[in-house]
Amino acid sequence: MANDYQNKIEQEWCVKQFATHKAKLVQDTDRYFIADWRRADGSGDYYINFIVDKKRGSLIISGDLGDCIATWYNPQTPENINSFIRHNVEYFISKFQASSDKYTYDEDDVLSGIKNMFKEYKIEIVSGIDYEDEEDFWDRVKEEVAESCDCKVYRPTQKLVDLIEEYDEEYWEWLYHCGEHVAKRVYLWVYSFDRVLRQLGYIGGEKNAAGL
């Protein structure tokens, strides 16, 4: 799993998506910080609205790239929230109360992840009730993985759990995270929030007078 949105590939990808975006401060009071992040030509493509409820410590995201509510349950400033999440996407996700995007799952990656765990634990496949040999076992696992995934959601079927549990009773520690990748939109949210604060001059000294 990725932990850092500053990973070179993800960083370059984020920069490209928002090359002409400008931040506009909508409101900044004792209770709320609100800002828009929109292309300079006014297009709604990749538009994001950020709201920080400073009293509750909530970051509310909406717009063209989905929706998210992350909450710390204690007073927070936009600068504090940004410092928490800009280098730790997984930590940001742990604060999600609701989100249209979180992780993505690929069937091949899930299957590869399961195989890697078996290799790491040096598990030898023997015949079972529903399979005759190792090749048959992995064919069955592959079928169940296909039934368990739909890109945004990965819920191991009971049959998949049964197949894996036969060899590892502590499967629950890793099976549900196999093939897990942070959704690209989460990286876009983190990158954009940081850029908004920088353009508006809250951090980094890049105040954008036009945005104010």
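In what follows, the structure referred to is the one given above.
Cut-offs applied
- Residues numbered from 1 in each chain as written.
- Predicted model: local features only at pLDDT ≥ 70, side-chain atom pairs only at ≥ 80, totals over all residues.
- Heavy atoms only, no water.
- Helix = DSSP H or I, 4+ residues; strand = E, 2+ residues; numbered from the N terminus.
- Rg over C-alpha atoms; globule rule 2.2 N^0.38 Å.
- Buried < 20%, exposed > 50% of the residue type's maximum accessible area, 1.4 Å probe, protein only.
- Areas by Shrake-Rupley, 256 points an atom, 1.4 Å probe, with all protein chains shown as cover.
- Lys, Arg positive; Asp, Glu negative; His and termini not counted.
- Charge placed at Lys NZ, Arg CZ, Asp CG, Glu CD.
- Pairing = 2+ DSSP bridges.
- Salt bridge = Lys/Arg side-chain N within 4 Å of Asp/Glu carboxyl O.
- Axes fitted to C-alpha atoms, helices over the stretch in contact; angles between N-to-C directions.
- Parallel < 35°, antiparallel > 145°, perpendicular 65-115°, else oblique.
- Left-handed = near helix turned anticlockwise from the far one by under 90°.
- Contact = heavy atoms within 4.5 Å.
- Nonpolar A, V, L, I, M, F, W, Y, C, P; charged D, E, K, R; others polar.

J.: Explanation requested: the overall build of the protein in the structure shown.
T.: On a plain count of helices and strands, the protein comes out with 7 helices and 8 strands. Taking 212 residues into account, the globule formula puts the C-alpha radius of gyration at 17 Å, and the protein, at 21 Å, lies well above it. Projecting the C-alpha coordinates of the protein onto the three principal axes gives extents of approximately 70 × 35 × 25 Å. Out of the 212 residues belonging to the protein, those deemed buried represent 44%. As displayed, the protein has an accessible area near 11,400 Å², and 46% of this comes from carbon and sulfur atoms. One way to put it: in the protein the 26 positive side-chain charges average out to a point 14 Å from where the 41 negative ones average out.

J.: Would you explain the pairing of strand 1 (residues 21-28) in this entry?
T.: A regular strand carries its side chains on alternate faces of the sheet. Two strands pair when backbone bridges link them, and strand 1 and strand 2 (residues 32-39) are joined in this way by 7 bridges, in the antiparallel orientation. The partner of Lys 24 across the bridge, within strand 2, is Asp 36. Hairpin connection between strand 1 and strand 2: a loop of 3 residues separates the two successive antiparallel strands.

J.: How do you make sense of the pattern of salt bridges when you look at a structure like this?
T.: Any two side chains of opposite charge can pair, on the condition that their charged atoms come close. This structure, assessed with the given rule, holds 9 salt bridges. Among the ionic pairs, Arg 198 bridges to Asp 194, the shortest N-O distance being 2.9 Å. Here the residue Arg 198 and the residue Asp 194 both occupy positions in helix 7 (residues 184-199), the gap between them amounting to 4 residues, near one helical turn. In this pair, the class of Arg 198 matches that of Asp 194, namely buried. Linked by salt bridges that have partners in common, Arg 39, Asp 41 and Asp 45 make up one network.

J.: Honestly, the packing of helix 4 (residues 107-120) against helix 5 (residues 134-148) in this entry has me stumped. Any pointers?
T.: For any two helices packed against each other, the geometry is given by the interaxial angle and the distance between the axes. In the contact formed by helix 4 and helix 5, the axes pass within 9 Å of each other and the chain directions differ by 140°. In terms of orientation, helix 4 lies oblique with respect to helix 5. Crossing geometry of helix 4 relative to helix 5 is assigned as right-handed. Contact residues: helix 4 offers Glu 107, Val 110, Leu 111, Ile 114, Lys 115 and Phe 118, while helix 5 offers Phe 137, Trp 138, Val 141, Lys 142, Val 145 and Ala 146.

J.: Which parts of the structure should I look at to understand unusual backbone geometry?
T.: Keep in mind that most residues, glycine aside, have a negative phi and that most peptide bonds are trans. Not every positive phi belongs to a glycine, and Tyr 46 is a case in point at roughly 65°. On the secondary structure map, Tyr 46 appears in the loop between strand 2 and strand 3 (48-53). For Tyr 46, a relative accessible area of 26% corresponds to the partly exposed category. Backbone geometry at Tyr 73 places phi at a positive 65°, although glycine is not the residue there. In this structure, Tyr 73 sits in the loop between strand 5 (68-71) and helix 2 (78-85). Classification of Tyr 73 as exposed rests on a relative accessible area of 55%.

J.: What exactly am I supposed to notice about the packing of helix 2 against helix 7 here?
T.: Close contact between helix 2 and helix 7 brings their axes to 10 Å; oriented N to C, the two are set at 140°. By the criterion of interaxial angle, the relationship of helix 2 to helix 7 is oblique. In the packing of helix 2 onto helix 7, the handedness of the crossing is left-handed. For the pair helix 2 and helix 7, the contacting residues are Pro 78, Glu 79, Ile 81, Asn 82 and Ile 85 in the first and Val 190, Phe 193, Asp 194 and Leu 197 in the second. Considering only residue class, the contact of helix 2 with helix 7 consists of 6 nonpolar, 1 polar and 2 charged.

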